[in-house]
Amino acid sequence: MSARDPLADLRRIAFLLERANEATYRVRAFRSAAKALAGLPAKEVAERARTGKLTELAGVGDVTARCVAESLAGEEPVYLRRLVATEGTDLDAAATELRTALRGDCHTHSDWSDGGSPIEEMALAAVELGHEYVVLTDHSPRLKVARGLTADRLRKQLDHVAAVNEALPEGFRILTGVEVDILADGSLDQSDELLARLDVVVGSVHSGLTDERAKMTRRMLAAIANPHLDILGHCTGRMVSSRPAGVQGPGDRAHRPRTRGESDFDADAVFAACAERGVAVEINSRPERQDPPKRLIRRALEAGCRFAVNTDAHAPGQLDWQRFGCERAALCGVPADRVVNTWPADRLLEWARTRR
Ligand SMILES: [Zn+2]
Ligand SMILES: [Zn+2]
């Protein structure tokens with residue numbers, strides 16, 4: 001007899017997936033496997049696990065079979081381990097607590113690139129929300145569809161931000177930044193000299209999203225190894241729905257697809273690199289992105305990554321979308337002290353500076 005009950009583990013996983021509002025097909029996989037095994041004598045289950053024949057049973061797949069094998073070996077299944085962080089917590093309270101702990105937003109756009117409003121208006125909306133800072137991260141030159149800023153325009157923007165900051169209320173400031181494109185070879189689409197001058201650098205993949213797995217992994221690892229990169233933006237590039245009406249976005253065209261699948265990359269390698277280099281993984285709050293998906297947030301959490309819960313706001317009202325990201329973070333058990341934008345501006349700046 002093993003120390004663990006595989007059926008109880010499968011049911012526990014299903015319960016926690018339901019609680020985290022995961023896709024029905026994921027939940028069903030665990031419920032079906034539990035049902036398939038419930039009718040068999042424990043000896044047969046153990047024998048099938050030993051000989052790799054669990055998946056011959058209707059309703060048992062590779063993932064559920066692995067959970068059963070781990071459980072029979074007396075180990076907590078990895079899948080379960082990633083879910084238990086939320087066990088026993090009031091998820092609504094946890095989301096509210098995280099939202100309250102946020103002091104700023106590290107990914108926002110203005111009308112200098114593809115946002116709809118001037119920097120001043122974005123800043124005033126952020127003040128109203130109680131933020132202590134926003135990082136202005138307009139796009140980089142190659143993203144022409146989003147009016148990405150050339151080096152020259154970015155220099156002008158830095159001067160402009162300095163002037164705007166003078167006029168803003170005490171206790172609030174705009175931090176400088178960029179959402180820099182991660183190019184095909186993993187290099188960043190702005191000069192080192194300018195990246196070094198910015199307070200916070202978010203790097204995102206906006207092109208070649210269907211690159212094959214090995215290529216995409218190499219590309220992301222190269223970007224993470226770049227000492228200028230502080231935050232990895234919307235890492236899978238997925239679109240779970242069409243954009244809200246009236247919102248522009250990079251790549252917006254008449255015939256753009258309404259939804260888009262996730263880019264394929266080795267998430268364990270990418271998150272291990274982020275943890276090692278101290279790069280924060282963005283939890284993008286945009287309703288049409290919800291990126292990364294929850295199962296990847298859990299893997300990043302387990303890898304030891306830091307996070308940034310960002311809105312990627314393209315208009316002032318969207319600065320209030322952080323709640324969506326906080327809900328997703330809470331569903332995955334992300335603690336506030338792992339989230340860099342719960343820090344005061346000075347600590348955030350120190351973190352970004354010392355990483356370079
Ligand atoms: Zn982006
Ligand atoms: Zn963005």
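In this numbering scheme, every chain counts its residues from 1 along its sequence in written order. Chains and ligands are labelled sequentially in the order written, the chains with letters from A and the ligands with numbers from 1. Local features in this predicted model are restricted to residues whose pLDDT is 70 or higher, and side-chain atom pairs enter the listing and the counts only when it is 80 or higher, whereas totals over whole chains, interfaces and linings include all residues. Values reported for side chains reflect all heavy atoms of the structure, with hydrogen atoms and water molecules removed beforehand.

Asks: With reference to specific residues and values, describe the packing of aromatic side chains.
Replies: Working definition: rings of Phe, Tyr and Trp (its six-membered ring) pair if their centres are within 6.5 Å, and the pair is stacked with planes under 30 degrees apart, edge-to-face with planes over 60 apart, and tilted otherwise. Per the counting criterion, the structure on display carries three aromatic pairs. On the numbers, 6.4 Å between centres and 40 degrees between planes, the contact of Trp-321 with Phe-324 is tilted. Three labels apply to residues, based on accessible area from a 1.4 Å probe with only protein chains included: buried if under 20% of the type maximum, exposed if over 50%, partly exposed otherwise in between. When its relative accessible area of 35% is taken as the criterion, Phe-324 is described as partly exposed. Ring geometry for Trp-343 versus Trp-351: centroids 5.9 Å apart, planes at 80 degrees, classification edge-to-face.

Asks: Now, about the coordination of the zinc ion (ligand 2): what can you tell me, with residues and values included?
Replies: In ideal tetrahedral geometry, four donors around a metal make angles of 109.5 degrees, whereas ideal octahedral geometry with six donors gives angles of 90 or 180 degrees. Taken together, the protein donors to the zinc ion (ligand 2) comprise His-107 (NE2), His-109 (NE2), Glu-179 (OE) and Asp-312 (OD), at separations of 2.1 to 2.2 Å. Coordinating N, O and S atoms are those within 2.8 Å of the metal (3.2 Å for Na, K and Ca), and as water is not part of the atoms, a site may appear to have fewer donors than expected. Counting gaps between the donor residues of the zinc ion (ligand 2) yields the pattern H-x1-H-x69-E-x132-D. The distance between the zinc ion (ligand 2) and the zinc ion (ligand 1) is 3.5 Å, with Glu-179 acting as a donor to both metals. Of the two residues, His-107 is situated in strand S1 (residues 104-108) and Asp-312 in the loop between strand S7 (306-310) and helix H13 (322-331); the sequence distance between them amounts to 205 residues. Strands here are runs of E lasting at least two residues and helices are runs of H or I lasting at least four, both read from the DSSP assignment and numbered beginning at the N terminus.

Asks: Explain the nonpolar core residue by residue, including any values.
Replies: Grouping buried Ala, Val, Leu, Ile, Met, Phe, Trp, Tyr and Cys residues that are joined through side-chain atoms within 4.5 Å yields what is termed a nonpolar core. Residues Ile-174, Ile-224, Leu-232, Phe-265, Phe-271, Phe-307 and Val-334 are the most contacted members of the largest nonpolar core, which totals 58 residues. Contacts are assigned to residue pairs with any non-hydrogen atoms lying within 4.5 Å of each other. In this structure, Ile-224 is in contact with Leu-229, Leu-232, Val-270, Ala-273, Cys-274, Arg-277 and Val-279, ignoring residues within four places of it in sequence. Core analysis: the next-biggest nonpolar cluster, separate from the first, contains 20 residues, Leu-7, Ala-33, Leu-37 and Val-68 among them.

Asks: Before we move on, could you go through the sheet that holds S7 and cite the residues and values that matter?
Replies: If you walk across this open sheet you meet the seven strands as S1-S2-S3-S4-S5-S6-S7, and the pairing is parallel. Only two strands of the sheet have a single partner each, and these edge strands are S1 and S7. Pairing of strand S5 (residues 231-232) with strand S6 (residues 280-284), which is carried by two bridges, proceeds in the parallel orientation. Paired with Ile-231 across the bridge in S6 is Ala-280. For two strands to count as paired, DSSP must find a minimum of two bridges between them.

Asks: Please provide a residue-by-residue account of the pairing of strand S2 (residues 133-136), values included.
Replies: Because side chains alternate across S2, one face comprises the buried residues Tyr-133 and Val-135, and the other comprises Val-134 and Leu-136, equally buried. By the bridge criterion, three bridges tie S1 to S2 in an arrangement that is parallel. Residue pairing for S2: Asp-105 is matched across the bridge by Val-134. Handedness of the crossover joining S1 and S2 through helix H7 (residues 119-128): right-handed. Note that S2 and strand S3 (residues 173-181) share four bridges and pair parallel. Its bridge partner being in S3, Val-135 is matched across the sheet by Leu-175. The handedness of a crossover follows from its direction of travel: if, with the strands pointing away from the viewer, the path from the first strand over the helix to the second runs clockwise, the crossover is right-handed.

Asks: Tell me about the packing of helix H10 (residues 213-225) against helix H11 (residues 267-277), residues and numbers included.
Replies: Their axes nearest at 10 Å, the elements H10 and H11 cross at an angle of 5 degrees. Between H10 and H11, the angle falls in the class roughly parallel. On H11, the residues that touch Thr-217, Met-220, Leu-221, Ile-224 and Ala-225 of H10 are Ala-269, Val-270, Ala-273, Cys-274 and Arg-277. Its residues assigned to classes, the contact of H10 with H11 comprises eight nonpolar, one polar and one charged. Lines are fitted to the C-alpha atoms to define the axes, a helix being fitted only along its stretch in contact, and any angle between axes, read from their N-to-C directions, falls within 0 to 180 degrees. Just so you know how the angles are binned, under 35 degrees is roughly parallel, over 145 roughly antiparallel, 65 to 115 roughly perpendicular, and the rest oblique. Three residue categories are used. Nonpolar comprises Ala, Val, Leu, Ile, Met, Phe, Trp, Tyr, Cys and Pro, charged comprises Asp, Glu, Lys and Arg, and polar comprises the others, including Gly.

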